[in-house]
Amino acid sequence: MNPRIIGANLVVKLLNFSREKTTMFFVIAFPIILILLFGTIFMSQDNVEYHLCVQDLDQTKSSAQSIKTLELDGKFKITRVDPAVNATQYVRDNKVNLVLIIPKGYERSLMQRMMLSDPNASVTITYIYDPSSSSVSTKMQILNSVFAGINQTMSGKPPFIRSVERSILTKKYRFIEFFVPGIIAMAVMTLSLFSTVDSDTELRQKGIIRKLSTTPITRTDWILSNILYQFILGVICTIAMLLVSYAVFNVSLHIDAWLLAFILLDVFAFVGIGMILTRFAREAQSAAAAANAVSLPMMFLSGSFFPIELMPGFLQKFAKTLPLFYVNEGLRAAMVFEDNMAALRDAAIIGVFAAVVFILGIVATKWEEDK
Amino acid sequence: MTKETEYVIEVDKLTKRYGDLLAVNEISFTVSKGEVFAFLGPNGAGKTTTVEIIETIRRPTSGKVTLLGMDVTKKKHDIVPRIGVLPQGFSSFDRITVRETIQYYSRLFCCINTDIDGLIELVNLKDKTKEQYKNLSSGLKQRLGIAIALVNDPEVVFLDEPTTGLDPRARHEVWEVLLGLKKEGKTVFLTTHYMEEAELLADTVAIISKGNVIAMGSPRELIENNANYLALTLQSVDGKVFEIVRKMGFEPVLDNHKNVAVRVGHTYDVQEILNAIKDAGALYLGLDVRKPNLEEVFLKLTGEALREDPPEMEPK
């Protein structure tokens, strides 16, 4: 191993990269676009507000107060529907998925129950809904729980079962804070894998590797400089993503040495996989296809974009065999939960994996011509 | 310790197989210090395989190859710093400039005293130092490749098809650089399928065909030993000259331009033919007498012509 040679190779790679404007744009801009896109989607989910149409057929103070209560709950933005309108037709014509109908006699029945304690006095609220809408069942669940609360209060008895929410985290986190570490892991993976595969096949096809094999640079020097190069790009990419996340979404993430450690392990693991793929898929097109075949399942099944708990059981088991899952978990343990033991456990798992594939990658990388 | 011998390169019964394909078949030759040695043969003859084995890029199937007194299969790390290589179809990093590329390779050899400007001047790239590799023409790329092959001031320079694919002007520019190396006394191992390149540059030419070295010697020796005749061409105005030469017992050939070509053994045969034409009152517009070249030697030895790829046009 010769540090001068590694340094010379690193400088050339960085110079070449800095002059490839398109590549540079996609390496840095693509993860930032993902952060902005998914961040915006998930941020709105954290403060979700549903649109609710209400038709008040009673037109009394009590019915108006009830509508106000729904509005103040913060979950609904209310649109009032003219009592003369046919609610079913209104749903069809206005492309809304739910109209809640407060019946005529609402206030009278309420007074009977409240003042006269008549247990038979009740009202029936009607939901006119479009079952093809995906959010309508959520709306109805929320409305049912609101009405259950009102019924409970009116019964005059304290509830038997109460619930209390207690987060395992000391701070309140939003989904974006769980999302950013996953995108960092995914971006570094993509960068390392595709860059290794693209660069190695291109340099081999152009004969640059053959020329290099007639110089004192060794296979180890070449691979180490490649690791350093990918690590530097990974760090630049991560800094860009974090800056955007802080500036746009005001995220609250813990940054320490674990972040660099996981970027390095991510780079080692996927440069190793890239070197193995390059050995078996020597043409640029087949190598890129092989890299896609590896990266796509990793992206979608290892919990970068959404929690693996949303997947069927067998896919959850499969997800836990993927290296990116442990990078995701490790980064979240370090950046969100600040759990050093969990980060250490995940680092150990991905570290062993990285060591194995990296050694296999070194063995697979042919420096001399093999035919 | 490595053993320095009088020969810089010694190849002894070298064989290389790719599966069932026999690429190089028990070839042997030596190259002396300061010699320009050309390996001449058509595409697929085994030139590149042989040179890549000597350069330590490939491993032989059998036979022994020593370079600078060292076994190429065992002493790669000792050999590599002492040689310079321009591989076939040389390429480099697209967005690195001429100067940066030379500096990069110089650093790979850990050379702190490389005369970058001297190399740039040697290959005549002075006004292209800030040009990125991808913007260079084919000829300029090859000249850069030669400069890179010299960054470590090598004892032996290998140039594998340095002018293939270049147009005639670019080819002549590369030849000028190679003649400069020859003047400096560098040992150069050149592979080519251009006869004029071998004739112009080489002290020794080895003709290789189908994995076998079929002839070896200086260009003059090869021609004298294998094509010992004179080629007389007469520019005739009618069929009389052809008939006169034929009746004298020679075997003339008439081409579409009414040129009569005939091989003769000695200069007095030429005189005899010219006298016969004069005596018969026939006319000819011009004549050319020349010795045969390596092309004719190659044709005679192998029965096949050296294939030439169409030259690449220089970008404007």
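Each value, and the rule that gives it
Residues numbered from 1 in each chain as written. Chains lettered and ligands numbered in written order. Predicted model: local features only at pLDDT ≥ 70, side-chain atom pairs only at ≥ 80, totals over all residues. Helix = DSSP H or I, 4+ residues; strand = E, 2+ residues; numbered from the N terminus. Contact = placed C-beta atoms within 7 Å. Buried ≥ 20, exposed ≤ 12 C-beta atoms within 10 Å, placed from the backbone. Pairing = 2+ DSSP bridges. Core = buried A, V, L, I, M, F, W, Y, C linked by C-beta atoms within 7 Å. Axes fitted to C-alpha atoms, helices over the stretch in contact; angles between N-to-C directions. Parallel < 35°, antiparallel > 145°, perpendicular 65-115°, else oblique. Left-handed = near helix turned anticlockwise from the far one by under 90°. Nonpolar A, V, L, I, M, F, W, Y, C, P; charged D, E, K, R; others polar. pLDDT = per-residue confidence, 0-100. Domains from an automatic or database assignment. Expected span 1.5 Å × (residues − 1). Arc of directions from axis to C-beta.

Turning to the overall build of chain B, a few remarks are in order. Per the secondary structure count, chain B includes eleven helices and 14 strands. Projected onto its principal axes, the C-alpha positions of chain B cover 75 × 45 × 35 Å. Across chain B, every contact between residues at least 6 apart in sequence was considered, and the portion connecting residues at least 24 apart equals 71%.

Another aspect to go through is the overall build of chain A. Counting its secondary structure elements, chain A contains 14 helices and four strands. Taken along its principal axes, the extent of the C-alpha atoms in chain A is 100 × 45 × 40 Å. Out of the 371 residues belonging to chain A, those deemed buried represent 35%.

Attention shifts here to unusual backbone geometry. Residue and element names in this part refer to chain B. One non-glycine residue, Leu68, lies in positive phi territory at about 55 degrees. The class for Leu68 is buried, based on 22 C-beta atoms found within 10 Å. A positive phi angle, close to 50 degrees, is found at Lys210, a residue other than glycine. Tracing the backbone shows Lys210 in the loop between strand 9 (204-209) and strand 10 (212-217). Residue Lys210 is classed as partly exposed on the basis of its 16 C-beta neighbours within 10 Å.

Let's shift gears to the pairing of strand 4 (residues 62-67) of chain B. Residue and element names in this part refer to chain B. When strand 1 (residues 7-18) meets strand 4, the two strands line up antiparallel, connected through five bridges. Each residue of the ladder has a partner; that of Val11, found in strand 4, is Val65. Examined bridge by bridge, strand 4 and strand 5 (residues 70-71) share two bridges and lie antiparallel to one another. When the bridges of strand 5 are listed, Thr66 appears paired with Asp71. Linkage of strand 4 to strand 5, two consecutive antiparallel strands, is achieved through a turn of two residues, within which Leu68 is found at a positive phi near 55 degrees.

Residues and elements named next belong to chain B. Bridging between strand 11 (residues 230-236) and strand 13 (residues 259-264) involves six bridges; their strand directions are antiparallel. Each bridged residue has a counterpart across the sheet, and for Thr233 the counterpart in strand 13 is Ala261. Where strand 11 and strand 14 (residues 284-290) come together, six bridges link them in antiparallel fashion. Counterpart to Ala231 in the pairing with strand 14 is Arg290.

What follows covers the nonpolar core. Ranked by internal contacts, the top residues of the largest apolar core, which has 145 residues, are B:Ala38, B:Ala147, B:Phe189 and B:Leu190. Broken down by element, this core gets its largest block of residues, 15 residues, from helix 10 (residues 257-280) of chain A. Core analysis: the next-biggest nonpolar cluster, separate from the first, contains 15 residues, A:Cys53, A:Val81, A:Leu98 and A:Val99 among them.

All names here are of chain A. Taken N-terminus to C-terminus, the directions of helix 13 (residues 323-335) and helix 14 (residues 340-364) make an angle of 155 degrees; their axes are 8 Å apart at the nearest point. Relative to helix 14, the element helix 13 lies roughly antiparallel. In this structure, helix 13 meets helix 14 at a crossing whose hand is left-handed. Contacts between helix 13 and helix 14 involve Pro323, Tyr326, Val327, Glu329, Gly330, Ala333 and Ala334 from the former and Ala342, Ala343, Asp346, Ala347, Ile349, Ile350 and Phe353 from the latter. Grouping the amino acids of the contact of helix 13 with helix 14 by side-chain chemistry returns eleven nonpolar, one polar and two charged.

Before going further, it helps to spend a moment on the confidence of the model for chain A. Averaged over every residue, the pLDDT of chain A is 86; residues scoring 70 or more account for 95%. Ranking the helices and strands of chain A by mean pLDDT puts helix 13 of chain A first, with 93, and helix 2 (residues 21-46) of chain A last, with 80.

Here chain B is described as being made up of domain 1 (7-224) and domain 2 (228-291). Of note, the centres of domain 1 of chain B and domain 2 of chain B, computed from C-alpha atoms alone, are 43 Å apart.

A separate point is the sheet that holds strand 3 (residues 98-102) of chain A. All names here are of chain A. Spatially, four strands are ordered 2-1-3-4 in an open sheet, and the strand pairing comes out mixed. Two strands bound the open sheet, and with one partner strand each, they are strand 2 (76-81) and strand 4 (126-129). Shown here is a sheet whose adjacent strand axes are inclined to one another by a mean of 30 degrees, direction ignored. Note that strand 3 and strand 4 share four bridges and pair antiparallel. Looking at strand 4, one finds that Val99 is bridged to Ile128. Helix-sheet contacts for helix 4 (residues 87-94) involve strand 1 (50-56), strand 2, strand 3 and strand 4, and the interaxial angle to strand 3 is about 155 degrees.

What follows deals with the sheet that holds strand 14 of chain B. Residues and elements named next belong to chain B. The sheet built from four strands is open, its strands ordered 12-13-11-14 with antiparallel pairing. The open sheet has two edge strands with one neighbour each: strand 12 (253-254) and strand 14. Of the strands in this sheet, strand 11, strand 12, strand 13 and strand 14 are in contact with helix 9 (residues 240-247), which crosses strand 13 at around 20 degrees. Contacting strand 11, strand 13 and strand 14, helix 10 (residues 267-279) crosses the sheet at an angle of about 20 degrees to strand 11.

Right, let's talk about the confidence of the model for chain B for a bit. Residues and elements named next belong to chain B. For chain B, per-residue confidence averages 85 on the pLDDT scale, and 94% of positions sit at 70 or higher. Of the regions scoring below 50 in pLDDT, residues 307-316 engages in 22 contacts with residues more than four places distant in sequence or in other chains. Predicted complex metrics record ipTM = 0.77 and pTM = 0.74.

With that settled, consider the interface of chain A and chain B. Taken residue by residue, the interface counts 21 residues in chain A and 23 residues in chain B. Breaking the side of chain A that touches chain B down by element, the ones donating at least two residues are helix 1 (3-18) and helix 8 (208-212) of chain A. Here the element with the most residues in the side of chain A that touches chain B is helix 1 of chain A; it accounts for six residues. Of the residues contributing to the side of chain A that touches chain B, the split by class is seven nonpolar, five polar and nine charged.

For the rest of this paragraph, the subject is helix 6 (residues 168-184) of chain B. What sets the pattern is the α-helix's 3.6 residues per turn: residues three or four places apart point alike. All names here are of chain B. Compared with the 24 Å implied by 1.5 Å per residue over 17 residues, the 24 Å span of helix 6 between its first and last C-alpha is a close match. Where helix 6 is concerned, the buried positions are Ala170, Arg171, Val174, Leu178 and Leu181. Seen end-on, helix 6 carries its buried residues on one side only, within an arc spanning 100 degrees. For helix 6, the exposed residues set more than 90 degrees away from the buried face come down to Pro168, Arg169, Glu176 and Lys183. The elements touched by buried residues of helix 6 are helix 5 (138-149), strand 7 (156-160), strand 8 (187-192) and helix 7 (195-201). Phi for Gly185, located one or two positions after helix 6, is positive at around 85 degrees.

Before going further, it helps to spend a moment on the domain arrangement of chain A. What the domain assignment reports for chain A is domain 1 (3-44 + 170-364) and domain 2 (49-155). For domain 1 of chain A and domain 2 of chain A, the distance between their C-alpha centres works out to 51 Å.

Here we come to the packing of helix 1 of chain A against helix 9 (residues 219-249) of chain A. Residues and elements named next belong to chain A. Orientation of helix 1 relative to helix 9, taken along the N-to-C sense of each, is 45 degrees, at an axis distance of 9 Å. When the axes of helix 1 and helix 9 are compared, the pair comes out oblique. Considering only the axes of helix 1 and helix 9, their crossing is right-handed. In this structure, helix 1 uses Ile5, Ile6, Asn9, Leu10, Lys13 and Leu14 to contact helix 9, whose residues at the interface are Asp221, Trp222, Leu224, Ser225, Leu228, Tyr229 and Ile232. Its residues placed into classes, the contact of helix 1 with helix 9 shows nine nonpolar, two polar and two charged.

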